[in-house]
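# Observations on chain architecture
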Amino acid sequence: DTEVTQTPKHLVMGMTNKKSLKCEQHMGHRAMYWYKQKAKKPPELMFVYSYEKLSINESVPSRFSPECPNSSLLNLHLHALQPEDSALYLCASSQDSGRLGSYEQYFGPGTRLTVT
Amino acid sequence: GDSVTQMEGPVTLSEEACLTINCTYTATGYPSLFWYVQYPGEGLQLLLKATKADDKGSNKGFEATYRKETTSFHLEKGSVQVSDSAVYFCALSSPSYYGNNRLAFGKGNQVVVIP
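Residues numbered from 1 in each chain as written. Chains lettered and ligands numbered in written order. Predicted model: local features only at pLDDT ≥ 70, side-chain atom pairs only at ≥ 80, totals over all residues. Heavy atoms only, no water.

## A closer look at the state of the cysteines
All names here are of chain A. Taken as a whole and assessed by the stated rule, the structure comprises two disulfides over all chains. For C23, the disulfide goes to C91, at an S-S distance of 1.9 Å. Classification of the bridge connecting C23 and C91 rests on its S-S torsion, roughly -70 degrees, and on that basis the disulfide is left-handed. Highlighted residues: C23 in strand β3 (residues 18–25) and C91 in strand β9 (residues 87–94), separated in sequence by 68 residues. (Disulfide = S-S within 2.5 Å. Helix = DSSP H or I, 4+ residues; strand = E, 2+ residues; numbered from the N terminus.)

Listed below in structure tokens is the structure:
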């Protein structure tokens, strides 16, 4: 099973709202990722968690706050977003973080976020 | 740093035609190479991979061979179907002492197959 699940599938929020995106995998993977994807562009890396610790933050604005409660779950907390933050947010996981080799990443279906 | 270059522009072709999407890469180490496919309204799916030189990845009739001498990983399919219409991304990942398993993506190619 190579499934990564994400909820919700769609989210519309105002600029003053607080919401959270959720991601789950049951493949025993120890690395999890958040990406942002704009239309007709490749995904842009936002955060990487390795063994439940934040290992990469790609200078993402603080209105995006990641959280990894355990090795299977990854959240992205959203607060005071801007309309330009509207995008598809993808979660991914991989077997490991890359120290011992290059591992493929498995992606979830994404959350389509619209900020009004 | 590592980078991936895909041929510019969308690809439009008729059903049962042959598909080739070019991908070249630049990497300092020994990367693994991937092709991902994204169908409309969906996330990325791993289509195939190759982890060392001369490896051939294959899946669903698609193939790509890891060519170290030409730093290429071109995607091919002999006979496309309408259901192959999607965006295709070439990507690479290199081992890292710091354990940061980054994927470097190409810009992607929209493939449209006409019945």
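## Some details on the nonpolar core
Judged by nonpolar contacts, the single largest core of 27 residues is most densely connected at B:W35, B:F73 and B:Y88. Those elements that place two or more of their residues in this core are β2 (11–14), β3 (19–21), β4 (23–26), β5 (32–38), β6 (44–50), β8 (62–65), β10 (86–93) and β12 (109–114) of chain B. Here the element with the most residues in this core is β10(B); it accounts for four residues. Filtering out sequence-adjacent residues up to four positions away, B:Y88 remains in contact with B:Q6, B:I21, B:W35, B:Y36, B:V37, B:L47, B:F62, B:L75, B:G108, B:N109 and B:V111. Within the second largest apolar cluster, 24 residues are counted, among which are A:M32, A:L81, A:C91 and A:V115. (Core = buried A, V, L, I, M, F, W, Y, C linked by side-chain atoms within 4.5 Å. Buried < 20%, exposed > 50% of the residue type's maximum accessible area, 1.4 Å probe, protein only. Contact = heavy atoms within 4.5 Å.)

## Digging into the layout of surface pockets
The calculated volume of the largest pocket comes to roughly 590 Å³. As for the largest pocket, its lining consists of 25 residues, of which A:A39, A:K40, A:K41, B:V87 and B:Q110 are closest to the centre. Sorting the residues of the lining of the largest pocket by element identifies β10 and β12 of chain B as the ones contributing at least two each. At three residues, β10(B) tops the list of elements feeding residues into the lining of the largest pocket. Along the lines of polarity and charge, the residues of the lining of the largest pocket split into ten nonpolar, eight polar and seven charged. (1 Å grid on protein atoms, 1.4 Å probe; cavity = no way out; pocket = protein on both sides within 12 Å on 5 of 7 lines; lining within 4 Å. Points joined across faces, edges and corners; volume = space filled by probe spheres on them. Nonpolar A, V, L, I, M, F, W, Y, C, P; charged D, E, K, R; others polar.)

## Looking at the pattern of salt bridges
Residues and elements named next belong to chain A. Taken as a whole, this structure holds seven salt bridges over all chains when the rule is applied. Salt-bridge contacts for D85 lead to R63; the nearest nitrogen and oxygen are separated by 2.7 Å. Taken as a pair, D85 in the loop between β8 (73–79) and β9 and R63 in the loop between β6 (53–57) and β7 (64–70) lie far apart in primary sequence, 22 residues in all. Judged by relative accessible area, D85 falls into the buried class, the value being 2%. The partly exposed category is assigned to R63, whose relative accessible area is 23%. (Salt bridge = Lys/Arg side-chain N within 4 Å of Asp/Glu carboxyl O.)

## Focus: the interface of chain A and chain B
With 28 residues of chain A at the interface, the matching set in chain B holds 25 residues. For the chain A and chain B pair, buried surface summed over both sides reaches about 1900 Å², with 49% attributable to carbon and sulfur atoms. Counting every contact that joins chain A to chain B gives two salt bridges. Here chain A and chain B share five residue pairs in polar contact (both at pLDDT 80 or more) between them. (Buried area = accessible area lost by both parts, 1.4 Å probe. Polar contact = N/O pair within 3.5 Å; in protein donor to acceptor, adjacent residues only side chain to side chain.)

## Digging into the sheet that holds strand β1 (residues 4–7) of chain A
Residues and elements named next belong to chain A. Ordered by their spatial adjacency, four strands build an open sheet running β1-β3-β8-β7, and the pairing between neighbours is antiparallel. Only two strands of the sheet have a single neighbouring strand rather than two, namely β1 and β7. Neighbour-to-neighbour, the strand axes of the sheet open up by a mean angle of 20 degrees, direction not taken into account. Two elements, β7 and β8, share five bridges in a ladder whose sense is antiparallel. Paired with S65 across the bridge in β8 is H77. (Pairing = 2+ DSSP bridges. Axes fitted to C-alpha atoms, helices over the stretch in contact; angles between N-to-C directions.)

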